[in-house]
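# Fold and contact review
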Amino acid sequence: MTTPTITYCKINDCHFTLFLFQSIAPNKYDAIARIQESTPKTIYEGPGFLGWNRIYLYLYENALRQVDPRICLPYWDSTLESELNNPLESSLWSAEYFGTARGPVRKGPFANWRLPVGTELIRNVGVDGDLLSNQIINGILSRRRYEEITSIEESGRQYSILSNYGSTHMYVGGMMASLRMSTYDPIFFMHHAFIDYIFERFRARLRSLGVDPTVYPKWGNSNLHEPNAPINIFNYTVKDGYSELFASYAEYEPVPSCTISSLSCGPGSLACNIKTGHCIPTIRQRTTSKRDTLESFDNVGVFKPKLPYAQSTLIDYCCDESCDVSNWIMIPVRVVKTRSPTQRKYSSYPARGGLVNGCLDIYSLKNFQNLMM
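Description of the structure in this document. Please read these numbers as outputs of a predicted model, since none were measured by experiment. Here, residues in each chain are numbered from 1, in the same order as that chain's written sequence. In view of the model being predicted, local features appear only for residues whose pLDDT reaches at least 70, and side-chain atom pairs are presented and counted only at 80 or more, with totals across whole chains, interfaces and linings using the full set of residues. Hydrogen atoms and water are omitted, and side-chain values are computed over all heavy atoms in the structure.

### Describing the nonpolar core
Heads up, the condition is: For this analysis, a nonpolar core means a set of buried residues of the types Ala, Val, Leu, Ile, Met, Phe, Trp, Tyr and Cys, connected via side-chain atoms within 4.5 Å. Relative accessibility decides the category of a residue: with a 1.4 Å probe and only protein chains considered, values under 20% of the type maximum give buried, values over 50% give exposed, and everything between is partly exposed. A helix here means a DSSP run of H or I that spans at least four residues, while a strand means a run of E at least two residues long, and both kinds are numbered starting from the N terminus.
Residues Trp-52, Trp-76 and Phe-189 are the most contacted members of the largest nonpolar core, which totals 75 residues. Contributing elements (two or more residues each) for this core: α2 (28–33), α3 (48–67), α5 (134–141), α6 (146–150), α8 (161–172) and α9 (187–208). With 12 residues, the top contributor of residues to this core is α9. Counting residues in each nonpolar core, the second largest holds five residues, with Leu-80, Cys-265, Leu-270 and Cys-279 among its members.

### Here's the deal with the packing of α3 against α9
Using the following cut-off: Interaxial angles span 0 to 180 degrees and are taken between N-to-C directions of axes, which are lines fitted to C-alpha atoms, for helices over the stretch in contact. Relative orientations are named as follows: roughly parallel for angles under 35 degrees, roughly antiparallel for angles over 145 degrees, roughly perpendicular for angles from 65 to 115 degrees, and oblique for any other angle. Crossing handedness is read from the near helix: turned anticlockwise from the far helix by less than a right angle, it gives a left-handed crossing, and turned clockwise, a right-handed one. Residues count as neighbours in contact if any of their non-hydrogen atoms are within 4.5 Å of one another. Three categories are distinguished: nonpolar for Ala, Val, Leu, Ile, Met, Phe, Trp, Tyr, Cys and Pro, charged for Asp, Glu, Lys and Arg, and polar for the others, with Gly belonging to the last.
Running from N to C, α3 and α9 cross one another at 125 degrees; their axes reach a closest spacing of 10 Å. In terms of orientation, α3 and α9 fall into the oblique class. Taken as a pair, α3 and α9 cross one another with a handedness that is left-handed. Where α3 abuts α9, its residues Phe-49, Leu-50, Trp-52, Asn-53, Arg-54, Tyr-56, Leu-57 and Tyr-60 lie against Phe-188, Phe-189, His-192, Ala-193, Ile-195, Asp-196, Phe-199, Glu-200 and Arg-203. Considered class by class, the residues forming the contact of α3 with α9 number 11 nonpolar, two polar and four charged.

### Thoughts on the packing of aromatic side chains
Any pair of aromatic rings gets described here by the distance separating the centres and the angle formed by the planes. Cut-off, in case you're wondering: Ring geometry is summarised as follows: Phe, Tyr and Trp rings, the Trp one being its six-membered ring, pair when their centres sit within 6.5 Å, and such pairs are stacked at plane angles under 30 degrees, edge-to-face over 60 and tilted between the two. Ring-over charges, as used throughout, are those where CZ of Arg or NZ of Lys falls within 6 Å of the ring centre and within 35 degrees of the ring normal.
Under the defined criterion, the tally for this structure stands at 32 aromatic pairs. On the numbers, 5.0 Å between centres and 40 degrees between planes, the contact of Trp-52 with Tyr-56 is tilted. On the criterion of helical spacing, the pair formed by Trp-52 and Tyr-56 is a turn pair, its members being four residues apart in helix α3. Grouping residues by exposure puts Trp-52 and Tyr-56 together as buried. A centroid spacing of 5.8 Å and a plane angle of 40 degrees characterise the contact between Tyr-146 and Phe-202, whose relative ring orientation is tilted. Within this pair, whereas Tyr-146 is found in helix α6, its partner Phe-202 is found in helix α9, the two being separated by 56 residues in sequence. Both residues of the pair, Tyr-146 and Phe-202, count as buried. Among the aromatic residues, those joined into a ring-pair cluster are Tyr-29, Tyr-44, Phe-49, Trp-52, Tyr-56, Tyr-60, Phe-110, Trp-113, Tyr-165, Phe-188 and Phe-189. For the cation-ring pair, Arg-143 lies above Tyr-159, with the distance from its terminal atom to the ring centre recorded as 3.8 Å. Directly above the aromatic system of Phe-199 lies the positively charged group of Arg-203, at a separation of 5.9 Å from the ring centroid.

### Observations concerning α9
Which entries qualify depends on this criterion: Multiplying 1.5 Å by the helix residue count minus one yields the expected span of that helix.
For α9, spanning 22 residues, the distance from its first C-alpha to its last is 32 Å, which sits close to the expected 32 Å at 1.5 Å a residue. A large share of α9 lies buried, amounting to 17 of its 22 residues. Downstream of α9 by a residue or two, Gly-210 has a phi angle that is positive, lying close to 80 degrees.

### Quick word on unusual backbone geometry
With phi around 65 degrees, Asn-232 is a residue other than glycine that occupies positive phi space. Located in the positive-phi region is Phe-234, a residue other than glycine, with phi close to 50 degrees. Relative to the helices and strands, Phe-234 resides in the loop between α9 and α10 (244–247). Accessibility expressed as a relative area gives 67% for Phe-234, which makes it exposed.

### Brief notes about the pattern of salt bridges
What counts here: Counted as salt bridges are all cases of a side-chain nitrogen of Lys or Arg within 4 Å of a carboxyl oxygen of Asp or Glu.
Applying the stated criterion across every chain yields a total of 11 salt bridges. Salt-bridge contacts for Asp-196 lead to Arg-54; the nearest nitrogen and oxygen are separated by 2.9 Å. Taken together, the residues Asp-196 in helix α9 and Arg-54 in helix α3 connect sequence positions 142 residues apart. As far as the burial class goes, Asp-196 and Arg-54 line up, both buried. In this structure, Arg-203 engages Glu-200 in a salt bridge whose closest nitrogen and oxygen atoms are separated by 3.5 Å.

### Quick notes on the state of the cysteines
Definition in use: The disulfide criterion used throughout: a pair of cysteine sulfur atoms within 2.5 Å.
Evaluation of the coordinates by the stated rule reveals two disulfides. Each sulfur of the disulfide joining Cys-258 and Cys-272 lies 2.1 Å from the other. Here the disulfide of Cys-258 and Cys-272 is right-handed, its torsion about the S-S bond being about 85 degrees. Here Cys-258 is found in the loop between β4 (251–252) and β5 (270–273), whereas its partner Cys-272 is found in strand β5, with 14 residues between them in sequence.

This is how it looks when you write it as structure tokens:
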């Protein structure tokens, strides 16, 4: 895995390869995404995760290279967005990079992607969860044993790479917030590549302490995390992901940085924060249209952090391999929180046959006039 950051990699080449990867039969992207569905949930709850994750990324990147041998899998360093006053305004959520931040993805390289269950790719960025931060990363890298970063019982959640990586899944929301569906958003692999980068940095720290990084950590009572536990990818085991063989495949460029004397953050949409010496994303251009349509669902400029009202959330209505609101029953409930007076629409739309209908707000009062009489 030769893995630069998003801004260093030729991201457009990578996105085009992903498009071919998914659109040309057979659909290899969906085939690889399905691997996680057969992976036991508990893989994310112990040291086996780091080994599984590395091998899964290796499989994914090599499949991409069957389409274009020049491709590398870029990692998404979400600590860059965490330094913005409003991470939703990052250029990362522009059509050039990840595209639509909220609602069905209609902009960017992954626009109009359809999942095997028929629904569109959906995101709810910033509604829940949190981004990784430099404080979290530095805390993880301050530990001295694998057990301290793969077990909450050892040193608490603040040092657990397992606890902290999941919060970013929730931050992106939509498919990324679902264990079963998360791999169908390509952000999954770029986020997991950054987790593997942290893993590689921790391996380097162990070497500096005179500790062999290939020695598999203690795994408790779970058979799934014992060294020879299979991972449903060929005949590999979780221990193989800790080996020097797979470490030799992982080559990472460092996160871009800058100084007062050298303000350049390299090519891409990054700018130097002189106060911290960190490179941070540029702010994407705000939409000036006042139309309250599905398109404005992605107008992140209107959202401010820490609002007293809950943010809009779009669900996929998927159940039993079908994504259609007609399969659901709406049950009236007592209202415990009201929307902001300035929020004319809740911006939550029904899905029928897997397609989101942006013409109908399911929480619009006019849809419930009969109940109010």
